[in-house]
Amino acid sequence: MEWIDIGVNLTDTTFDHDRKAVLDRAWQADISQMMLTATSLATSHQVQQLCEDLPSRLFCTAGVHPHQARDWTEELAGEIRRLAQADCVKAIGECGLDYNRDFSPRPQQVKALEQQLQLAVDLRLPVFLHERDASTVLAEILKDYRDHLPAAVVHCFTGEKPALHAYLDLDLHIGITGWICDERRGTHLQQLVASIPAGRLMLETDAPWLLPRTLRPKPKKGRNEPAFLLEVAALVASCRGETLEQLAEHTTRCARTFFDLPANNNLQTS
C-alpha cells in the first residue's frame, strides 16, 4: 500500500528539532508523498525550500490562510503569484473563509479568497480550501469560479450533511483528517464519509494538529505527524466498508491526479 498525505504543516516550529526523523517515519509508514501547506507569504517561501530536498516526494501550496487575510495587499498578491509558478507548487492555498474565529475581517477574507481563486484560474492550478462556519458563503462564491477552476478540495472537512452535499454538487473534492477520530465532535463524519464518492476523497493529517484521539499510545505533547495517517485511514475504511488496500488505492490515485504528482517510481528517502 501507499498513501499520500495532502495536508502537512511541516514548517511548524514543533518539527524544527526532528523534521528529518518525522519524514523518515512517514516513509516507513508507506506515506509515499506529501503536500506541504502554505498559509502566509513566509510559509509559501518555507515550504518551497523544504521541497527542494526531496523533489519527488514533497510538494506544496502557495497562498494565504483566511486568518492572515488582513495582511492581503496587491503587493502580497503579486508575491504569491510569483511563488505559485514554481514547479513544486501544485495548488493555490490554503485559502478560504473562517467565520468561526474571525481573526481577519470577513470582507477582507472574501477579497483574499476571490483573488486567490482568480489566481488559480489564471495559472490553471487546483485550490486548497479552508472553511469554518462559512459553508453557505463559500459555496456561493465558488459558483462564480467553479467552471473555470481545474479542481478544488475542501481540506479538513468538518461540516454537516448539507455542506458536504453542497460541495459535492460543485464537484469539489473532500479532505478528511483525524477529526473523524474525535468522539467529542467528529462522530457525525463517520456516517458522512461513506457518501463521498471514490475519486473525490483524499486523506490528510493536518500535522502537527488534529492528532487522532483513537491513537495508542499517544505521543508526547500530543503532536500529530504524517506517519499517523494510517490511524485516520483505518477508521475511514471501516466507515466506508472498504479494506485498507481499497482505500489506499483510490485515495492515492485521487490525490496523485488532483495535484498532478509523479508516480512513486524511485522515490527519494533522504
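Higher on the page you've got the structure.
A.B. asks: Give me the lowdown on the overall build of the chain, citing residues and values where you can.
C.D. replies: Looking only at helices and strands, the chain features 9 helices and 8 strands. For the chain, whose C-alpha radius of gyration is 17 Å, the value lies close to the compact-globule estimate of 18 Å for 270 residues. In the chain, buried positions account for 60% of the 270 residues. Considering only contacts in the chain between residues 6 or more positions apart, those separated by 24 or more positions represent 75%. Accessible surface, the chain: about 11,500 Å² in total, of which carbon and sulfur atoms supply 48%.

A.B. asks: How would you explain helix α2 (residues 41–51) if you had to name every residue and give the values?
C.D. replies: Buried within α2 we find T43, S44, V47, Q48, L50 and C51. Buried residues of α2 fall within an arc of 160° about the axis and therefore sit on the same side.

A.B. asks: Break down the nonpolar core for me, citing the residues and quoting the values.
C.D. replies: A general feature of soluble globular proteins is that nonpolar side chains tend to end up buried together. In terms of nonpolar packing, the biggest core is built from 84 residues, with L36, F157 and I176 touching the most fellow members. In terms of residue count, helix α4 (residues 106–123) provides more of this core than any other element does, 7 residues in total. Ignoring sequence-local partners within four residues, the contact set of L36 consists of V8, L10, V47, L50, C51, L58, F59, C60 and T61. Core analysis: the next-biggest nonpolar cluster, separate from the first, contains 14 residues, A91, F128, F258 and L261 among them.

A.B. asks: How would you summarise the side chain of R223 if you had to cite specific residues and measurements?
C.D. replies: Looking at the secondary structure, you find R223 in the loop between β8 (201–203) and α8 (229–240). At 2.9 Å, the side chain of R223 forms a polar contact with the backbone oxygen of T14. Within the local environment of R223, its side chain forms a polar contact with the side chain of D18, the two groups lying 2.9 Å apart. With sequence-adjacent residues up to four places away left out, R223 is seen in contact with T14, F15, H17, D18, V22, R25, P208, L211 and F228.

A.B. asks: Go over the environment of P219 with me, naming the residues and quoting the values.
C.D. replies: Within the fold, P219 resides in the loop between β8 and α8. Residues within four places of P219 in sequence aside, it is in contact with L211 and F228.

A.B. asks: How would you summarise the packing of α4 against helix α5 (residues 135–143) if you had to cite specific residues and measurements?
C.D. replies: At a minimum axis separation of 11 Å, α4 and α5 run at an interaxial angle of 35°. The way α4 lies across α5 gives a crossing that is right-handed. Contacts between α4 and α5 pair V110, L113, E114 and L117 from the former with L138, I141 and L142 from the latter. The class makeup of the residues in the contact of α4 with α5 is 6 nonpolar, no polar and 1 charged.

A.B. asks: With reference to specific residues and values, describe the pattern of salt bridges.
C.D. replies: Working definition: two side chains of opposite charge can pair if their charged atoms are close together. Under the definition given, this model contains 19 salt bridges. When the shortest N-O distance is used, the salt bridge between E2 and R256 registers 3.1 Å. One end of the pair, E2, is in the segment before β1 (3–8); the other, R256, is in helix α9 (residues 244–258), with 254 residues separating them in the sequence. Ionic pairing is found between R253 and E249, a salt bridge with its closest N-O pair at 2.8 Å. Of this pair, R253 and E249 are both found in helix α9, 4 residues apart, which corresponds to roughly one turn of the helix. Three or more residues joined by partner-sharing salt bridges are found here, namely D182, E183, R184, R185 and R213.

A.B. asks: Describe helix α6 (residues 161–169), with residues and values.
C.D. replies: The complete set of buried residues in α6 reads A163, L164, Y167 and L168. Each buried residue of α6 lies within a common arc of 130° when the element is viewed along its axis, so the set occupies one face. Along α6, the residues that are exposed and aim more than 90 degrees away from the buried face are P162 and D169. Among the structural elements, β5 (127–132), α5, β6 (152–154), β7 (173–176) and α7 (187–192) are those in contact with the buried residues of α6. Positive phi appears at D171, one or two residues downstream of α6, with a value of about 60°.

A.B. asks: Residue-level account of the environment of P212, with values.
C.D. replies: Tracing the sequence through the fold places P212 in the loop between β8 and α8. P212 sits in the buried class, given a relative accessible area of 0%. Sequence separation of P212 and G178 is 34 residues, and the distance between their C-alpha atoms is 4.5 Å. If we skip the residues at most four places from it in the chain, P212 touches G178, C181, K218, N224, F228, E231 and V232.

Parameters and conventions
Residues numbered from 1 in each chain as written. Predicted model: local features only at pLDDT ≥ 70, side-chain atom pairs only at ≥ 80, totals over all residues. Heavy atoms only, no water. Helix = DSSP H or I, 4+ residues; strand = E, 2+ residues; numbered from the N terminus. Rg over C-alpha atoms; globule rule 2.2 N^0.38 Å. Buried < 20%, exposed > 50% of the residue type's maximum accessible area, 1.4 Å probe, protein only. Contact = heavy atoms within 4.5 Å. Areas by Shrake-Rupley, 256 points an atom, 1.4 Å probe, with all protein chains shown as cover. Arc of directions from axis to C-beta. Core = buried A, V, L, I, M, F, W, Y, C linked by side-chain atoms within 4.5 Å. Polar contact = N/O pair within 3.5 Å; in protein donor to acceptor, adjacent residues only side chain to side chain. Axes fitted to C-alpha atoms, helices over the stretch in contact; angles between N-to-C directions. Left-handed = near helix turned anticlockwise from the far one by under 90°. Nonpolar A, V, L, I, M, F, W, Y, C, P; charged D, E, K, R; others polar. Salt bridge = Lys/Arg side-chain N within 4 Å of Asp/Glu carboxyl O.

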